[in-house]
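Structural features, examined
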Amino acid sequence: MEDYIHLLTQLVNFAPDILFTSAAFPIAFRAAMAGLTLIQSDVVFAALDLIRNILTHDCLEPVATTSNPKYPLYRNAIRAVVEKEGLELTGLLLTGLTGDFPEDSTSSVITILRVIARLWPSQLLSWLPTVLQ
């Protein structure tokens with residue numbers, strides 16, 4: 001699992017065309033979320049890094065629309081996955097933050113939650129009551 005997550009991280013950084021435009025992107029994102037459920041710290045860190053890299057990709061910035069003509073495709077793919085998996089992702093992040101994640105992972109979790117709050121504020125408000133129950 002860790003090797004697959006590292007491969008996905010390299011794709012985000014060096015070949016986003018391959019990852020974000022692929023029909024396998026939602027499955028890859030779910031694999032990263034599955035990495036958050038494991039006990040091994042290295043896998044958790046790798047999964048958090050991957051999710052952080054996806055959610056902080058330049059294509060999600062409002063100014064980025066003119067930088068690369070493929071950014072709208074990337075943005076649509078990321079938005080669709082987060083809107084579908086956001087509830088579970090938020091739950092995994094908060095559960096890990098309050099219990100299972102290594103102590104050094106706090107900054108990554110906070111960064112991810114901040115990005116979610118900035119880009120999907122209304123969805124986060126609907127996900128939180130369910131997660132907190």
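Just above, that's the structure.
The sections below set out a description of the structure shown in this document. (Residues numbered from 1 in each chain as written. Predicted model: local features only at pLDDT ≥ 70, side-chain atom pairs only at ≥ 80, totals over all residues. Heavy atoms only, no water.)

**A closer look at the overall build of the chain**
Put simply, the test is: Secondary structure follows DSSP: runs of H or I at least 4 residues long count as helices, runs of E at least 2 residues long count as strands, and numbering of each begins at the N terminus. The globule rule is 2.2 Å times the number of residues to the power 0.38, and the radius of gyration it is compared with is taken over C-alpha atoms. Any residue under 20% of the maximum accessible area for its type is buried, any over 50% is exposed, and the rest in between are partly exposed; the area is computed with a 1.4 Å probe on protein chains only. By definition, residues are in contact when any of their heavy atoms lie within 4.5 Å. Surface accessibility in these figures is a Shrake-Rupley result with a 1.4 Å probe; residues are shielded only by whichever protein chains are displayed.
In terms of helices and strands, the chain carries seven helices and zero strands. In the chain, the succession of helices and strands from N to C terminus is α-α-α-α-α-α-α. In terms of overall size, the chain behaves like a compact globule, its C-alpha atoms giving a radius of gyration of 14 Å where 133 residues would be expected to give roughly 14 Å. Seen along its three principal axes, the alpha-carbon backbone of the chain occupies a region of about 40 × 35 × 25 Å. Sorting the 133 residues of the chain into buried and exposed places 44% on the buried side. In the chain, of all internal contacts separated by at least 6 residues, the share reaching a separation of at least 24 is 69%. Total accessible area on the chain stands at roughly 7100 Å², and carbon and sulfur atoms take up 57% of it.

**Some thoughts on the packing of aromatic side chains**
Heads up, the rule is: Between 30 and 60 degrees the pair is tilted, below 30 it is stacked and above 60 it is edge-to-face, where a pair is any two Phe, Tyr or Trp rings, Trp via its six-membered ring, whose centres lie within 6.5 Å.
The final tally for this structure, using the stated rule, is four aromatic pairs. Summarising the aromatic geometry, the rings of Phe 20 and Tyr 74 are spaced 5.3 Å apart at their centres and angled 50° between planes, so their arrangement reads as tilted. Of the two residues, Phe 20 sits in helix H2 (residues 16–20) while Tyr 74 sits in helix H5 (residues 71–100), which places them 54 residues apart along the sequence. Look at Tyr 74 and you get buried, because its relative accessible area is 2%. In textbook terms, an aromatic cluster arises when at least three aromatic residues are bridged by ring pairs, as seen for Phe 20, Phe 25, Phe 29, Tyr 71 and Tyr 74.

**Considering the nonpolar core**
Here is a general trend for soluble globular proteins: nonpolar side chains tend to be buried in one another's company. What counts is decided by this rule: Each nonpolar core is a collection of buried residues, namely Ala, Val, Leu, Ile, Met, Phe, Trp, Tyr and Cys, held together in the definition by side-chain atoms within 4.5 Å.
Judged by nonpolar contacts, the single largest core of 43 residues is most densely connected at Leu 55, Ile 78 and Leu 93. When contributions to this core are tallied by element, the ones reaching two or more residues are helix H1 (2–14), H2, helix H3 (25–35), helix H4 (41–55), H5, helix H6 (106–119) and helix H7 (121–132). Once you skip the residues sitting within four places of it in the chain, Leu 93 turns out to touch Leu 36, Leu 48, Phe 101, Val 109, Ile 112, Leu 113 and Ile 116.

**Some words on the environment of Leu 92**
Turning to its location among the elements, Leu 92 is positioned in helix H5. Assessed through its relative accessible area of 17%, Leu 92 is described here as buried. Note: C-alpha distance between Leu 92 and Thr 37 (55 residues apart in sequence) is 7.3 Å. Beyond its immediate sequence surroundings of up to four residues, Leu 92 is in contact with Met 33, Leu 36, Thr 37 and Phe 101.

**Remarks on the pattern of salt bridges**
In plain terms, the rule: In the sections that follow, a salt bridge refers to a side-chain nitrogen of Lys or Arg positioned within 4 Å of a carboxyl oxygen of Asp or Glu.
As enumerated under the stated definition, the model contains five salt bridges in all. Between Lys 70 and Asp 17 there is a salt bridge; the shortest N-O distance is 3.2 Å. Highlighted residues: Lys 70 in the loop between H4 and H5 and Asp 17 in helix H2, separated in sequence by 53 residues. According to the relative accessible area criterion, Asp 17 is partly exposed, its value standing at 32%. Across the pair Glu 88 and Arg 30 runs a salt bridge whose closest N-O atoms are separated by 3.0 Å. Within this pair, whereas Glu 88 is found in helix H5, its partner Arg 30 is found in helix H3, the two being separated by 58 residues in sequence. Assessed through its relative accessible area of 37%, Arg 30 is described here as partly exposed. Put simply, Arg 30, Glu 85 and Glu 88 are held in one network by salt bridges that share partners.

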